[in-house]
Amino acid sequence: MNERTNLSNRDREEGLRLLDNSGAGCIYRCQVWPDVRLKHISPAITAITGFTPEEFYADAKLVCTVIYPEDRAIFNGLAQSAERQITRVVGRCIHKDGTVIRVEVTNTPVYNETGRLVGIEGTVRDITAHKQSDEVLRVSEAKFRSLAENVPVGIFVVDAEGRVTERNRYLVKMFGYDSVPEMEEAPASAHYFNPTDSDRLLDLAKMGMAKNVELRLRRKNGNIFFGSFTAIPQVTQFGKLQFSVIVEDVTERKNTEEKLREAETRVREAQDRTRDG
């Protein structure tokens, strides 16, 4: 007896009923022996394709018709490879209104008591919105990288654990390095006059308070300069938090401000001497 997927009809019907009510997408069951026919498809198929279960039962060719022509080989391979446990494919289907949608189809082979493959059961999920979001994110990331390499400010990307995953060329030049790999060899804390400022900046970013944060920094040659940091939170396509951090060299401004403060101090001291005299 084959034990891989060998349940009683009563257990199988109960399982399908529970899945139909679970919100797990559309549930289907297809018989492949002794003949091929659709045995069950849940009402959720209407929200996905626009067609009702009754339309699928009435038209044996509808299952093939809704599959995007160029993707039919993908879905045929899923059915033909059931015994090899190929259980998931992603492809395109044509909605009743003519729009193209993306679906994820999974299956499980069903065997009878002699071990013969007699059916396929699985789920159909509409992943169109997810795929569109992935594409928007991919394009956005590509545009971001292009922008990051063509702006006169330093930019780096750091994850929630403090690992720097990307740096633009201007940042590398700002810190006096010749290449990204050379800068990557140094720990992030080495670029700060106060090594703990790296962690402090990340903590401020997580609290949404990392805007125009001014810190003393250290170039490769040891020279000290001032940088202004602004961190922008982002969520990756994998749902992970990261920050795009913009760094502006404000050393010249800080030096100018310091000279102005010194000049103001000298003026006040001169005025005090005049009054005292």
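Our subject is the structure listed above.
Computed from a predicted structure; not experimentally measured.

Undergrad: Account for the pairing of strand E9 (residues 224–235), naming residues and giving values.
TA: Relative to E9, strand E8 (residues 213–218) is paired through 6 bridges, and the arrangement is antiparallel. Among the inter-strand pairings, Val213 is bridged to a residue of E9, identified as Phe229. Hairpin connection from E8 to E9: 5 residues lie between these consecutive antiparallel strands, with Gly222 at a positive phi of about 95°. With 9 bridges connecting them, E9 and strand E10 (residues 241–249) associate as antiparallel partners. When the sheet's bridge partners are listed, Val235 is paired in E10 with Leu241.

Undergrad: With reference to specific residues and values, describe the sheet that holds E9.
TA: Strands pair in a sheet through their backbones, by hydrogen bonds, and they do so in one of two ways: parallel or antiparallel. In space, the 5 strands of this open sheet follow the order E7-E6-E10-E9-E8, with antiparallel pairing throughout. The strands lining the two open edges of the sheet, one partner per strand, are strand E7 (164–167) and E8. Strand-to-strand twist across the sheet, computed as the mean angle between neighbouring axes with direction ignored, equals 30°. Relative to E7, strand E6 (residues 154–159) runs antiparallel, the two being bridged by 3 bridges.

Undergrad: How would you summarise helix H9 (residues 197–206) if you had to cite specific residues and measurements?
TA: Along H9, the residues that are buried comprise Asp197, Ser198, Leu201, Leu202, Leu204 and Ala205. Mapping the buried residues of H9 onto a view down its axis gives an arc of 160°, with all of them on the same face. Contacts from the buried residues of H9 go to E6, E8, E9 and E10.

Undergrad: Quick one: what's the story with the environment of Ile224, residue by residue and with numbers?
TA: Mapping Ile224 onto the fold places it in strand E9. In the structure, Ile224 is positioned 31 residues away from Phe193 in sequence and 7.1 Å away in space, judged by C-alpha atoms. Not counting the four nearest positions on each side in its chain, Ile224 is found in contact with Phe193, Arg216, Leu217 and Arg218.

Undergrad: Hey, could you go over the sheet that holds strand E5 (residues 117–126) for me, with residue numbers and the actual values?
TA: Taken in spatial order, the 5 strands line up as E2-E1-E5-E4-E3 in an open sheet, and their pairing is antiparallel. Edge positions in the sheet fall to strand E2 (37–41) and strand E3 (88–94), since each has one partner strand and no second. Between one strand axis and the next, the sheet turns by 30° as a mean value, whatever way the strands run. One ladder, built from 7 bridges, connects E3 with strand E4 (residues 100–111); its direction is antiparallel. Its bridge partner being in E4, Arg88 is matched across the sheet by Thr106.

Undergrad: Which residues make up the pairing of E5, and what values do they have?
TA: Judged by how many residues are buried, E5 sits mostly within the fold: 7 of 10 residues are covered. Here 6 bridges tie strand E1 (residues 26–31) to E5, and the two strands are oriented antiparallel to one another. Opposite Gln31, over in E5, you have Gly119 as the bridge partner. Two elements, E4 and E5, share 9 bridges in a ladder whose sense is antiparallel. Following the sheet pairing, Glu104 is matched in E5 by Arg125.

Conventions and cut-offs
Within every chain, residues take consecutive numbers counted from 1 along the sequence as written. Under the rules for a predicted model, residues below a pLDDT of 70 receive no local features and side-chain atom pairs below 80 are neither given nor counted, while totals for whole chains, interfaces and linings still include all residues. As a rule here, side-chain values come from all non-hydrogen atoms in the structure, and water together with hydrogens is ignored. DSSP-based pairing: two strands are paired if at least 2 bridges between them are found. Strands here are runs of E lasting at least two residues and helices are runs of H or I lasting at least four, both read from the DSSP assignment and numbered beginning at the N terminus. Interaxial angles span 0 to 180 degrees and are taken between N-to-C directions of axes, which are lines fitted to C-alpha atoms, for helices over the stretch in contact. Burial classes: relative accessible area under 20% of the type maximum marks a residue as buried, over 50% as exposed, and values in between as partly exposed (1.4 Å probe, protein chains only). The arc in question is the one spanned by the directions pointing from the helix axis to the C-beta atoms. Contact criterion: two residues are considered in contact whenever any of their non-hydrogen atoms come within 4.5 Å of each other.

Spatial relationships are all this shows, so hold off on functional conclusions.
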